[in-house]
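For reference, the chains in residue letters:
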Amino acid sequence: MSKLEEAKRILRELKVPLKQQSDLCGYVILAMADIKKDDKWANATNKWIRIHDVIAFIREFYEVSYAENSRETFRKQAMHHFRNAAFIEDNGKATNSPNYRYRLTDEMLLLVKTIQSNLWEKQKNNFLKSHQNLIDLYSSKKAVRKMPVKINGSDFTFSPGKHNQLQKFIIEEFAPRFAENSECLYVGDTIQKNLVKNEEKLKELGFEITLHDKMPDVVLYSEDKNWIYFVESVTSIGAMEPKRIKEIEEMTENVSAGKIYVTAFLDFKTFKKFSESLAWETEVWIADMPDHMIHLNGDKFLGPRK
């Protein structure tokens, strides 16, 4: 096994994400430990070095050239994550200082020294007991950032992001006000496309759904009124423009229930960006003003108020 493969084995067994098991990351471990092709891991060291020194080491001893302007790539792909995993530490200087340096932690140095010995498993397990591995660490952070949402009485989570934040508002704020007692038949997630998809009910209502159809972001159905609400969650693209209405009409030509087209925005500023392109005979809901709607419907709602 080559030294690079041994370095990548260290990373793999310490449970780092796949992106941190790359050749670049393996070379970083070799440079930080000062391990050349014919060296024994037992002779590893943890001297303070710069990213510039890492690049020079790889070029000189492994004949692989990385450009000097790739230092930011090394920082983002390796150094940042290795520090999170307690593989390396910095000397506390300002990051833009010419004296800024990294080195292997003492624990990591002791560990890599054993990769070619029968002490490896024991030392590895001790290290993993002392430090949360990156895969678990990052997945737990993602779980914390996820947004809880109750859909049709059941608990779900949305991935982080403005689009899903708005979808959460649609389900929790718009629906109780303007689609009371409705059921959510479809809602996607930016990662999990079909978070909720009641295909049986959609087909019963007359939907013709194929893999190529782009469903509206949220589909609500009121059985009491026999109304279907097609709601687009718009933060940057996808408003209810005439072309979009036509696409949904084609997908739902066999649906006899009343159809309501709604474009939802997080704030009035975003609405203003799209106001000139929105189709007539559609509705607008703005999460910042949840109790009100804008009706682009001419005289349908014109009349004196009590």
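Residues numbered from 1 in each chain as written. Predicted model: local features only at pLDDT ≥ 70, side-chain atom pairs only at ≥ 80, totals over all residues. Heavy atoms only, no water.

Named according to an unreviewed UniProt entry, the protein chain is BsuBI/PstI restriction endonuclease C-terminal domain protein originating from Lachnoanaerobaculum saburreum F0468.

Colleague: How should I be thinking about the UniProt feature "domain: BsuBI/PstI restriction endonuclease HTH" (unreviewed entry) in the protein chain in this particular structure?
Modeller: The sites that carry the UniProt feature "domain: BsuBI/PstI restriction endonuclease HTH" (unreviewed entry) are, in the present numbering, residues 2-135. Helix makes up 51% of residues 2-135 and strand 4%, with an end-to-end C-alpha separation of 25 Å. (UniProt positions renumbered as here; feature names shortened; annotations may be inferred. Helix = DSSP H or I, 4+ residues; strand = E, 2+ residues; numbered from the N terminus.)

Colleague: Explain the pairing of strand β4 (residues 154-158) to me, please; I cannot follow it from the model alone.
Modeller: Within a regular strand, side chains alternate between the sheet's two faces. As judged from the five bridges shared by strand β3 (residues 147-151) and β4, these two strands associate in the antiparallel manner. By the bridge assignment, I151 is partnered in β4 with S154. Linking β3 to β4, which pair antiparallel, is a turn of two residues; within it N152 sits at a positive phi near 55 degrees. (Pairing = 2+ DSSP bridges.)

Colleague: Explanation requested: the side chain of T282 in the structure shown.
Modeller: With respect to the secondary-structure elements, T282 resides in strand β10 (residues 282-286). A polar atom in the side chain of T282 sits 2.6 Å from the backbone oxygen of A279. (Polar contact = N/O pair within 3.5 Å; in protein donor to acceptor, adjacent residues only side chain to side chain.)

Colleague: Teacher, can you tell me more about the nonpolar core here?
Modeller: Nonpolar side chains tend to gather and get buried jointly when the protein is soluble and globular. The biggest cluster of nonpolar side chains holds 45 residues, and the ones touching the most others in it are V28, M32, W41, V54, F82, F87 and M108. Listed by contribution, the elements that provide at least two residues to this core are α1 (3-13), α2 (23-33), α3 (51-62), α4 (71-84), β2 (102-104), α5 (106-112), α6 (120-130) and α7 (134-145). The element best represented in this core is α2, accounting for nine residues. What F87 contacts, discounting residues up to four positions off in sequence, is L11, L14, V16, F82, R103, L104, T105, M108 and F127. With 25 residues, the next largest nonpolar core counts F174, V196, Y229 and L266 among its residues. (Core = buried A, V, L, I, M, F, W, Y, C linked by side-chain atoms within 4.5 Å. Buried < 20%, exposed > 50% of the residue type's maximum accessible area, 1.4 Å probe, protein only. Contact = heavy atoms within 4.5 Å.)

Colleague: Even after reading the chapter, I still don't get the environment of L30, so can you show me in this structure?
Modeller: Assignment of secondary structure puts L30 in helix α2. For L30, the residues in contact, after removing those within four places along its chain, are K3, L4, A7, I35, W41, F57 and Y62.

Colleague: I keep staring at α4 and nothing clicks. Help me out?
Modeller: Owing to its 3.6 residues per turn, the α-helix aligns residues three or four sequence positions apart on the same side. Taking 1.5 Å of rise per residue, the 14 residues of α4 would be expected to cover 20 Å, and the 18 Å separating its terminal C-alpha atoms lies within 8% of that figure. At A78, α4 shows its maximal kink, close to 30 degrees. Among all positions in α4, only F74, A78, M79, H81 and F82 are buried. Once α4 ends, the next one or two residues include A86, with phi positive near 65 degrees. (Expected span 1.5 Å × (residues − 1). Bend = angle between axes of the 7 residues up to and from the residue.)

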